[in-house]
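Here's the letter readout for the chains.
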Amino acid sequence: MLIYFGIIAGILMAEILIKQWIKHRENKGDTSKPEWKGIRIEHLENGGAATGLFSDHKTTLKVITGGILSILCVRLGKEYHRKSFSAYGLGLALILGGGLSNLMDRIRKGTVTDYIRFVKCPVKRIQKLVFNISDFCILIGGILLFFLENFPIKKQN
């Protein structure tokens, strides 16, 4: 199903456009941090994985990420040949789209551009973190796969 590749391409394009917009604003000298209902656009270059983990091991992080994404590509390829859309394929596509976007950043410039902060989140730890759309795609895809693997939907006859 080409829809999986469309999802991956859509995530990649959205991230590219958003990050170009952020860079364009900064190049014009606009250092403001737009905020809407507790969601602030705030540019951060993250040298590691989530919360900056492994920022001292950038090459290892790239290799591990690439390996995981390769395995997921093979799994999505098998799902693609089923000729029907599935929630499992959707989860894989979300993880792949987000993971590829972040890996492309890491390979191109050594960091991942994050830009979404939840400044009014009741969980103080979340308020300190900055995310990007890819992070949410990876999270949603991971949750979807977790539930599909651990709570399988039984087909009724």
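Residues numbered from 1 in each chain as written. Predicted model: local features only at pLDDT ≥ 70, side-chain atom pairs only at ≥ 80, totals over all residues. Heavy atoms only, no water.

Caption draft 1: Representation of helix H1 (residues 2-27) within the structure. Counted at 1.5 Å a residue, the expected span for H1 with its 26 residues is 38 Å, and the 37 Å between its end C-alpha atoms agrees. Gly29 lies just past H1 and shows a positive phi near 90°. (Helix = DSSP H or I, 4+ residues; strand = E, 2+ residues; numbered from the N terminus. Expected span 1.5 Å × (residues − 1).)

Caption draft 2: Summary view of the side chain of Glu79. Position of Glu79 relative to the elements: it lies in helix H2 (residues 58-80). Glu79 has contacts with Tyr4, Ser86, Tyr88 and Gly89, leaving out every residue within four places of it along the chain. (Contact = heavy atoms within 4.5 Å.)

Caption draft 3: Spotlight on the packing of aromatic side chains. Enumeration over the complete set of coordinates arrives at 8 aromatic pairs. Between Phe118 and Phe136, the aromatic rings sit 5.9 Å apart at their centres with planes inclined by 75°, giving edge-to-face as the arrangement. Of this pair, Phe118 sits in strand E3 (residues 112-118) while Phe136 sits in helix H5 (residues 133-150), and the two are 18 residues apart along the sequence. A centroid spacing of 6.4 Å and a plane angle of 75° characterise the contact between Phe146 and Phe151, whose relative ring orientation is edge-to-face. Joined through ring pairs, the aromatic side chains of Phe118, Phe131 and Phe136 make up one cluster. (Phe/Tyr/Trp six-rings, centres within 6.5 Å; stacked < 30°, edge-to-face > 60°.)

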